[in-house]
Protein chains: 2
Amino acid sequence: MTKMQKVLDNGVQHVELLEGIEDNDGGITVQMTEPMDPSIFVTVLRASLTLWKKQKKKGVWIKLPIELVNLVEPAVKEGFWYHHAETRYLMLVYWIPNTTPKLPANASHRVGIGAFVMNNNGEVLVVQENKGKFKGTGIWKLPTGAVNEGEDISAAAVREVKEETGIESEFLEVLAFRQSHNSFFSKSDIFFICLLRPLSFDIQKQDSEVEAAQWMAIGDYTAQPFVQQKQIFNQIAKICLERANDKYSGLSPVLTTSGFSAKKFYLYFNNQSGSS
Amino acid sequence: MTKMQKVLDNGVQHVELLEGIEDNDGGITVQMTEPMDPSIFVTVLRASLTLWKKQKKKGVWIKLPIELVNLVEPAVKEGFWYHHAETRYLMLVYWIPNTTPKLPANASHRVGIGAFVMNNNGEVLVVQENKGKFKGTGIWKLPTGAVNEGEDISAAAVREVKEETGIESEFLEVLAFRQSHNSFFSKSDIFFICLLRPLSFDIQKQDSEVEAAQWMAIGDYTAQPFVQQKQIFNQIAKICLERANDKYSGLSPVLTTSGFSAKKFYLYFNNQSGSS
């Protein structure tokens, strides 16, 4: 999309312009793909901005692959700033109107899961970690992990249980969740406590970050001084115990469509509730 | 933190080094704050990397404010890549060991809310939007909006209701949530359906993106063809109706501490469940 259009300016001179894709919010996105001399880039960028101003455009986005890193400085010197970056690209943005920029926010949250997996003997699947603040504490805790971009919460819980313990499982419910702030790089964090049913029983520790894994009587898990003393662990243990006794209902995932597209996604709701 | 240390190298020559903060995972973070000539930057970066390799460091982070954009290209040419960016800075990263980089992920999700606000007359607070796919459709929908980085879900719901309708409200429960993928810039998205109790009743439309706002009999809201036909809207309407009839329970926020720090956060759980 680095291809440029020649347009007639003032009826006299041919000026090169960046080619962008228009969106419904008055924005224009330029995806640079091919190398360009920085001084030529500045010339065509200025000419393009002049045209977009005449066209009453609002936000201008430039997506620069890391290979074109030499164009970052010229773009910033023309008034662009950073919107977000991933490993292989940087997204720059510029706001044309004389108003406060109204732009979609960067991703704001990380998402994680904790897995409550209980077998028919009333035993819960627990691990000891050999990294982070639990390292060397001897504390048995629920398997936990991060939900990847593009990954369903339910799939992430099943995957983490498999990675940390070798146990196959089926996702049942989100029992509770916690939102916290100022985790890595000042981002926020949502952590879902999930209920899963085990489909296999022989533990095979696989993850290098897990020191040990075992089935543990649920009473022994909740009796750990750490679980008793730390408010959030205590509360979660209570919820898990109530759920084990069928005195609690969480939110179950149901595959749903929006009707705007063929896209399917999970809606999590309480389908044990009341008469429904 | 751009201050450099002089160290004796080979017992002969003084070499400038970047000053970094060490973390518990073998990483080192350099926060550049003052301008530096790019060629000098390359020299001290190379010397620093040599030292960090000897010290068996793993991840090297360089945080570059946008004012130091002229150092982005030299860093990338030395083997750094992008980790994430916010408006005013770019975070670059480098992995020293000969292994696959193990780095904390960038934020992966945006978070949004939809607000179900019902008054004592069985009327629900609804709006018509004048942007996006609902513009000009005449559809009455629940107020919705984005949860900001660092903002509680419950606070975001109260804020959005106030912004879109002028109504003051109290947050009660998360009734359900939906996770979807590939929203803006390929990030994932979690959308919480929230129940709120109105504390005021006179609607004063304030948000420029809202065309109109009103109290609407809940039966009229759910009877809209759009709500009937779109699976997710239909399901959410059912949940709201059941909740209105006390036949549904969602997850309520309770302020909690982890015990690791003084930090407080909300744990959302079903405290209407069973006997608890």
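All values derive from a computational prediction rather than experimental measurement.

The next point concerns the packing of aromatic side chains. Within this structure, the stated rule accounts for 20 aromatic pairs over all chains. A ring pair is formed by F134 of chain A and F226 of chain A, whose centres lie 5.5 Å apart and whose planes are at 80°; its orientation type is edge-to-face. With F134 of chain A in the loop between β9 (123–129) and β10 (144–146) and F226 of chain A in helix α5 (residues 225–229), this pair connects stretches of sequence that are 92 residues apart. In this structure F134 of chain A comes out as buried when scored by relative accessible area, which is 9%. With relative accessibility at 12%, the residue F226 of chain A sits in the buried group. Here a set of aromatic residues connected by ring pairs shows up, and it is made of F171, F177, F192, Y266 and Y268 of chain A together with F171, F177, F192, Y266 and Y268 of chain B. The residue whose ring lies beneath K63 of chain B is Y89 of chain B, and the NZ or CZ to ring-centre distance is 4.3 Å.

This part takes up the pairing of strand β14 (residues 252–257) of chain A. Residue and element names in this part refer to chain A. Alignment of β14 against strand β15 (residues 264–269), held across six bridges, turns out to be antiparallel. The residue bridging S252 from the neighbouring strand is F269, located in β15. Where β14 hands over to β15, the hairpin turn is made up of six residues, of which G259 adopts a positive phi near 90°.

A side chain with one charge can pair with a side chain of the opposite charge if their charged atoms come near. Applying the stated rule across the entire model yields 32 salt bridges over all chains. Here R88 of chain A and E67 of chain A are joined by a salt bridge, their closest N and O atoms 2.7 Å apart. Here the residue R88 of chain A occupies a position in the loop between β6 (81–86) and β7 (89–95), and E67 of chain A occupies one in the loop between β5 (59–65) and α2 (72–77), the gap between them amounting to 21 residues. The partner of K77 of chain B in a salt bridge is E73 of chain B, with the nearest N and O atoms 2.7 Å apart.

Before going further, it helps to spend a moment on the side chain of Q128 of chain A. Residue and element names in this part refer to chain A. Relative to the helices and strands, Q128 resides in strand β9. Among the polar contacts made by the side chain of Q128, one reaches the main-chain carbonyl oxygen of G138 at a distance of 2.9 Å. Beyond its immediate chain neighbours, meaning those up to four positions away, Q128 contacts G138, I139, W140, E209, V210, E211 and A212.

We now examine the relation of the copies chain B and chain A. It takes a turn of 180° to lay chain B on chain A, together with a shift of 0.1 Å along the axis; the resulting RMSD is 0.1 Å. Accordingly, the operation relating the two chain copies is best matched by a two-fold axis. Looking at the interface residues of chain B, 100% of them are also at the interface in chain A, so both copies use one shared face.

The topology assignment puts R243 of chain B in helix α6 (residues 231–244). Of the residues examined, R243 of chain B reaches a relative accessible area of 15% and is grouped as buried.

In this complex, chain B contributes 85 residues to the contact, which on the side of chain A involves 85 residues. Both faces combined, the contact of chain B with chain A buries some 7400 Å², and carbon together with sulfur accounts for 62% of it. Together, Y82, F177 and F185 of chain B form the three largest contributors to the area buried by chain B at its contact with chain A, with a combined 10%. Viewed at the interface, chain A and chain B are joined by six salt bridges. Across the pair K187 of chain B and E86 of chain A runs a salt bridge whose closest N-O atoms are separated by 2.6 Å. The tally of links between chain B and chain A comes to 37 residue pairs in polar contact (both at pLDDT 80 or more). Grouping the constituent residues of the side of chain B that touches chain A by class yields 41 nonpolar, 28 polar and 16 charged. As paired strands, strand β11 (residues 169–180) of chain A and strand β15 (residues 264–269) of chain B are joined by four bridges and run antiparallel to one another. Each residue of the ladder has a partner; that of F177 of chain A, found in β15 of chain B, is Y268 of chain B.

Rules behind the numbers
Residues numbered from 1 in each chain as written. Chains lettered and ligands numbered in written order. Predicted model: local features only at pLDDT ≥ 70, side-chain atom pairs only at ≥ 80, totals over all residues. Heavy atoms only, no water. Phe/Tyr/Trp six-rings, centres within 6.5 Å; stacked < 30°, edge-to-face > 60°. Helix = DSSP H or I, 4+ residues; strand = E, 2+ residues; numbered from the N terminus. Buried < 20%, exposed > 50% of the residue type's maximum accessible area, 1.4 Å probe, protein only. Lys NZ or Arg CZ within 6 Å of the ring centre and 35° of its normal. Pairing = 2+ DSSP bridges. Salt bridge = Lys/Arg side-chain N within 4 Å of Asp/Glu carboxyl O. Polar contact = N/O pair within 3.5 Å; in protein donor to acceptor, adjacent residues only side chain to side chain. Contact = heavy atoms within 4.5 Å. Least-squares fit on C-alpha atoms with pLDDT ≥ 70 in both. Buried area = accessible area lost by both parts, 1.4 Å probe. Nonpolar A, V, L, I, M, F, W, Y, C, P; charged D, E, K, R; others polar.

The quantities given are spatial measurements derived from coordinates; they are silent on function.
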